[in-house]
Amino acid sequence: MSAVRQDAWSEEDDLILAEVTLRHIREGSTQLAAFEEVGERIGRTSAACGFRWNSCVRKKYEEAIAIAKSQRQKRSYYKKQPAAGGAQVAGLTETDFAPEGYKGETASEESLSIDAVIRFLRQWKGGLQESGKQHRALERTLREKEEELARLRSENARLSQEVSLVKTDYHVVNDDYKALIQIMDRARRLAFLSEEEEELKTRFKMDANGNLERIE
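Before going into details, it helps to say that this report is about the structure given with it. Every value quoted in this text rests on a predicted model; they were computed, and no experiment measured them. (Residues numbered from 1 in each chain as written. Predicted model: local features only at pLDDT ≥ 70, side-chain atom pairs only at ≥ 80, totals over all residues. Heavy atoms only, no water.)

1. Thoughts on the overall build of the protein
Counting secondary structure elements, the protein contains six helices and two strands. Its helices and strands in sequence order give the protein the pattern α-α-α-α-α-α-β-β, from N to C terminus. Carbon and sulfur atoms form 54% of the exposed surface of the protein, whose accessible area is close to 16100 Å². (Helix = DSSP H or I, 4+ residues; strand = E, 2+ residues; numbered from the N terminus. Areas by Shrake-Rupley, 256 points an atom, 1.4 Å probe, with all protein chains shown as cover.)

Next comes the structure, spelled out in structure tokens:
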């Protein structure tokens, strides 16, 4: 009886699940039998294997599943042929068990199907590794952009503070300038009045009766 495991599925577990399930499909067996075999190999329940296949792994192997079903149909067809057809079955080439347009060396039905699945799984694994590299590169680029954004925000805050201080200084200087202009204006008016008073004093004098007399 398989033990129930709580740890996450590894890539190797997924590959075993895919290889065994595809083989059972190709040989005309049931997926339940495949899940039971996988469970015994990796120490999981058949229910857990079935859930993993239907929820995650199956959609990654649509093409391989189609190939396996095609091979199953051909196996079933040739099994129904007369005994004389045995020589024909034994002489099948790789193209009889591969998608249309595929060419390769002659091989037995069993070795051919396993090799095709292994090639497909290796290509899929290579694609995952390449996707992982691209994902890490994108994460690194995003981290660099976030650091640059934080630096720009800090610089913007510093410049905003400097602008605020400059504005404050400008208002203070402007107020002082206006006050200085007002003081100078008052000083000019006072100087003008003093000159007029002095001029009046020099042009007129008061006689004994208290009257002002103009001095020529």
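Okay, back to it.
2. Points about the packing of aromatic side chains
With the rule as written, the count across this model stands at zero aromatic pairs. Seen from the ring of Trp9, Arg44 lies directly overhead, with NZ or CZ sitting 4.2 Å from the centre. (Phe/Tyr/Trp six-rings, centres within 6.5 Å; stacked < 30°, edge-to-face > 60°. Lys NZ or Arg CZ within 6 Å of the ring centre and 35° of its normal.)

3. Notes on the packing of helix α1 (residues 11-26) against helix α3 (residues 46-57)
Interaxial distance between α1 and α3 falls to 11 Å at its minimum, and their mutual angle equals 95°. On the basis of the axis angle, α1 is roughly perpendicular to α3. Along its contact with α1, which presents Asp14, Leu17, Ala18 and Thr21, the element α3 presents Cys49, Arg52, Trp53 and Val57. Classifying every residue of the contact of α1 with α3 gives five nonpolar, one polar and two charged. (Axes fitted to C-alpha atoms, helices over the stretch in contact; angles between N-to-C directions. Parallel < 35°, antiparallel > 145°, perpendicular 65-115°, else oblique. Contact = heavy atoms within 4.5 Å. Nonpolar A, V, L, I, M, F, W, Y, C, P; charged D, E, K, R; others polar.)

4. Regarding a positive patch on the surface
On the surface, a cluster of positive charge is contributed by Lys133, Arg136, Arg140 and Arg143. You can see Arg140 is positioned in helix α6 (residues 109-203). Take Arg140: its relative accessible area is 43%, and that puts it in the partly exposed class. (Patch = residues over 30% accessible without salt bridge, like charges linked within 9 Å, V, L, I, M, F, W, Y side chains within 5 Å. Salt bridge = Lys/Arg side-chain N within 4 Å of Asp/Glu carboxyl O. Lys, Arg positive; Asp, Glu negative; His and termini not counted. Charge placed at Lys NZ, Arg CZ, Asp CG, Glu CD. Buried < 20%, exposed > 50% of the residue type's maximum accessible area, 1.4 Å probe, protein only.)

5. Brief notes about the nonpolar core
In summary, soluble globular proteins display a tendency toward joint burial of nonpolar side chains. Counting residues in hydrophobic clusters, the biggest one holds 23 residues, and the most contacted among them are Leu17, Leu22, Val38, Cys49, Trp53, Tyr61 and Leu121. Sorting the residues of this core by element identifies α1, α2 (31-42), α3, α4 (62-79) and α6 as the ones contributing at least two each. Non-local contacts of Trp53, meaning those with residues more than four positions away in its chain, are made with Leu17, Ala18, Thr21, Gln31, Phe35, Arg58 and Ile65. (Core = buried A, V, L, I, M, F, W, Y, C linked by side-chain atoms within 4.5 Å.)

6. Examining the packing of α1 against α2
Viewed as axis vectors pointing N to C, α1 and α2 meet at an angle of 145°, and their least axial separation amounts to 9 Å. Between α1 and α2 lies a crossing whose hand is right-handed. Mapping the contact onto sequence places Asp13, Ile16, Leu17, Glu19, Val20, Thr21, Arg23, His24 and Ile25 in α1 and Gln31, Ala33, Ala34, Phe35, Glu37, Val38, Arg41 and Ile42 in α2. (Left-handed = near helix turned anticlockwise from the far one by under 90°.)

7. Section: α3
Taken together, the buried positions of α3 are occupied by Cys49, Gly50, Arg52, Trp53, Cys56 and Val57. Turning to α3, the residues buried within the fold contact α1, α2 and α4.

8. Details of the pattern of salt bridges
In total, this model carries nine salt bridges according to the counting rule given. Residue Asp13 pairs with Arg44 through a salt bridge whose shortest N-O separation is 3.4 Å. With a gap of 31 residues between them, Asp13 in helix α1 and Arg44 in the loop between α2 and α3 connect regions that are remote in the sequence. When its relative accessible area of 9% is taken as the criterion, Asp13 is described as buried. Residues Arg188 and Asp185 are paired through a salt bridge, measuring 3.4 Å at the closest nitrogen-oxygen approach. Highlighted residues: Arg188 and Asp185, both in helix α6, separated by three residues, approximately one helical turn. Through salt bridges with shared partners, one network takes in Glu19, Arg23, Glu37 and Arg41.

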